[in-house]
Amino acid sequence: MGDGSAKVEIGGNATDYKVRSGTVGPDVIDIRKLYANTGAFTFDPGFTSTASCESTITYIDGDEGILLHRGYPIDQLAEQSSFMEVSYLLLNGELPSKAELEKFTYTISRHTMLHEQLSTFYRGFRRDAHPMAIMCGVVGALSAFYHDSTDIADPHQRMVASHRLIAKMPTIAAMAYKYSIGQPFLYPRNDLSYTGNFLRMTFGVPAEEYVVDPVIEDAMDKIFILHADHEQNASTSTVRLAGSSGANPFACIAAGIACLWGPAHGGANEAALNMLREIGTPDRIPEYIARAKNKDDPFRLMGFGHRVYKNFDPRAKVLSKAATEVLDKMGRNDPVLDTARELERIALSDPYFIDKKLYPNVDFYSGVILSAIGFPTTMFTVLFALARTVGWVAQWNEMISDPEQKIGRPRQLYTGAAMRDYIQVGKR
Ligand code: SDX
């Protein structure tokens, strides 16, 4: 598709704006001169029709249910790749050679330890603190420890900070879990895979050797791949906006974690499993479907719907299959999975959900697998943040190295009081 132009006419004055085409996906109208030319802003709360940036990292086709990372379909990456390889791909733009992957994996594994002082930081939290609260605090605190990788103008420091964040998130997440159950922290081990290391730090104890179960390791690695990046979602946009002010990378990722926590976003996996458990048995599903359709009831079916996907979330398809595989291989039978499948079947036959194109999203099935592996629901969004860190970091690096990058500063439609004079309290 070629480039064209769009005309905007306000008050009889017409001005033209360049229309740009990407590799694939909707064209964009470059309106950067609109306000200077017309004195008017666009109005798009929630950014439903707004491209905030140009990116080469991830592409989503919501109507076709397609998700590409640097052009590679998510189902192929989930089935054939590894989280370390997908991390390299997201950061560098191409799949690594065997030697490049070995070097990257070696580098990441040697950044997995945390400054020992940070374990003291954990002790300031209550034992029942939500692990996401701990993640927000500890990741933000990293900038107090790693001063040699906070100069965002230095590409080398950006790379070191990127590697540190990807490497340390599993350690931070595992420590948050250990702290919540009163067990000692385990140090990372360089002889284990990225995901195996995380599983051992989470479920291992000093009293005995922890043997990584390859079934669980594979399922966890697949879950990390499926959560790695997703275009300009709310938390990634938060990271980009924080980074546009020149904030250090640790502060930017802490901002992303805070945004991801919301139940409309990454917090939906915890909310979805809690909802499935509250529903309990399939006979209670109609009651919840009715509530989700009731305009006066704020309840929504957690794990359903998506701003972009108006077809199946391709990640949900992979997770739905993985849920059955993991439970079968673990010899587990979780009635919640039966309820989830029945809820999906009923919802997808209901006109309300069909008309509004509300399909299961990435959060609908992930909780069933994570619960089967042994994670409490409070850890679900922590795992989402762990995996999404590579996406946030890749998008942050892309934003910082964009020569046209400016500080993000949206405007508004002001409908408040017109100018008026102050009135002394005795005269009010
Ligand atoms: C993630 O952006 C990303 O890429 C996010 C993510 C990623 O990888 O980063 O994919 C991860 O956040 C997945 C989404 C997880 N959230 C949930 O599962 C929470 C439940 N879903 C909804 O809150 C909602 O679907 C959103 C927030 C996901 C999307 O909301 P939109 O695009 O703003 O759409 P909307 O809220 O305007 O809903 C459109 C209509 C509304 O009805 P009307 O006002 O038009 O009558 O659909 C209804 C909504 O009421 N609707 C639902 C519903 N989701 C939307 N009704 C019942 N149950 C739902 N789940």
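Up top is the structure these notes are about.
Cut-offs and rules
- Residues numbered from 1 in each chain as written.
- Predicted model: local features only at pLDDT ≥ 70, side-chain atom pairs only at ≥ 80, totals over all residues.
- Heavy atoms only, no water.
- Pairing = 2+ DSSP bridges.
- Helix = DSSP H or I, 4+ residues; strand = E, 2+ residues; numbered from the N terminus.
- Buried < 20%, exposed > 50% of the residue type's maximum accessible area, 1.4 Å probe, protein only.
- Contact = heavy atoms within 4.5 Å.
- Axes fitted to C-alpha atoms, helices over the stretch in contact; angles between N-to-C directions.
- Parallel < 35°, antiparallel > 145°, perpendicular 65-115°, else oblique.
- Nonpolar A, V, L, I, M, F, W, Y, C, P; charged D, E, K, R; others polar.
- Core = buried A, V, L, I, M, F, W, Y, C linked by side-chain atoms within 4.5 Å.
- Expected span 1.5 Å × (residues − 1).
- Bend = angle between axes of the 7 residues up to and from the residue.
- Polar contact = N/O pair within 3.5 Å; in protein donor to acceptor, adjacent residues only side chain to side chain.
- Near = heavy atom within 4 Å.
- Areas by Shrake-Rupley, 256 points an atom, 1.4 Å probe, with all protein chains shown as cover.

## So, the sheet that holds strand β6 (residues 72-73)
Hydrogen bonds along the backbone pair up the strands of a sheet, which may run parallel or antiparallel. Spatially, β4-β5-β6 is the arrangement adopted by the three strands of the open sheet, whose pairing is antiparallel. On the outer flanks of this sheet lie β4 (58-61) and β6, each paired with one strand and no other. Relative to strand β5 (residues 66-69), β4 is paired through four bridges, and the arrangement is antiparallel. Residue pairing in the sheet places Tyr59 in a bridge with Leu68 of β5.

## Examining the sheet that holds strand β2 (residues 13-20)
Strand order across the open sheet formed by three strands is β1-β2-β3, with antiparallel pairing between neighbours. Each having just a single partner strand, β1 (4-10) and β3 (28-29) make up the two edges of the open sheet. By the bridge criterion, two bridges tie β2 to β3 in an arrangement that is antiparallel. Bridge pairing in β3 links Arg20 to Val28.

## Thoughts on the environment of Ile285
Its place among the elements puts Ile285 in helix α13 (residues 285-293). Note on Ile285: relative accessible area 0%, which makes it buried. In this structure, Ile285 is in contact with Ile279, Thr339, Glu342, Leu343 and Ile346, ignoring residues within four places of it in sequence.

## Some points on the packing of helix α7 (residues 155-181) against helix α18 (residues 380-400)
Running from N to C, α7 and α18 cross one another at 170 degrees; their axes reach a closest spacing of 9 Å. Accordingly, the angle class assigned to the pair α7 and α18 is roughly antiparallel. Of the residues in α18, those in contact with Arg158, Ser162, Leu165, Ile166, Met169, Pro170 and Ala173 of α7 are Val382, Ala385, Leu386, Thr389, Val390, Val393, Trp396, Asn397 and Ile400. Classifying every residue of the contact of α7 with α18 gives twelve nonpolar, three polar and one charged.

## Side note on the nonpolar core
Counting residues in hydrophobic clusters, the biggest one holds 116 residues, and the most contacted among them are Ile257, Leu301, Leu343 and Phe375. Beyond its immediate chain neighbours, meaning those up to four positions away, Ile257 contacts Met132, Met135, Cys136, Val139, Met169, Ala385 and Trp392.

## Notes on helix α3 (residues 83-92)
Burial of α3 is extensive: eight of the ten residues sit out of reach of the surface. Residues of α3 that are buried: Phe83, Met84, Glu85, Val86, Ser87, Tyr88, Leu89 and Leu90. One or two residues past the end of α3 sits Gly93, with phi positive at roughly 95 degrees.

## Structural notes on α7
End to end, α7 covers 39 Å across 27 residues, agreeing with the expected 39 Å (1.5 Å per residue, within 8%). Taken as a whole, α7 carries its principal kink of about 35 degrees at Lys168; the proline Pro170 stands between one and four residues after it. With respect to burial, α7 is a largely interior element, 22 of its 27 residues being buried. Where α7 begins, the side chain of Asp154 points an oxygen toward the backbone nitrogen of His156, at a separation of 2.8 Å.

## A look at the site of the ligand
Near the ligand there are 24 residues, and of these His230, Leu301, His306, Arg315 and Arg388 occur at the shortest range. For the ligand, whose free accessible area comes to 1000 Å², the fraction covered by protein is 78%. Looking at the shell around the ligand, its residues break down into ten nonpolar, seven polar and seven charged.

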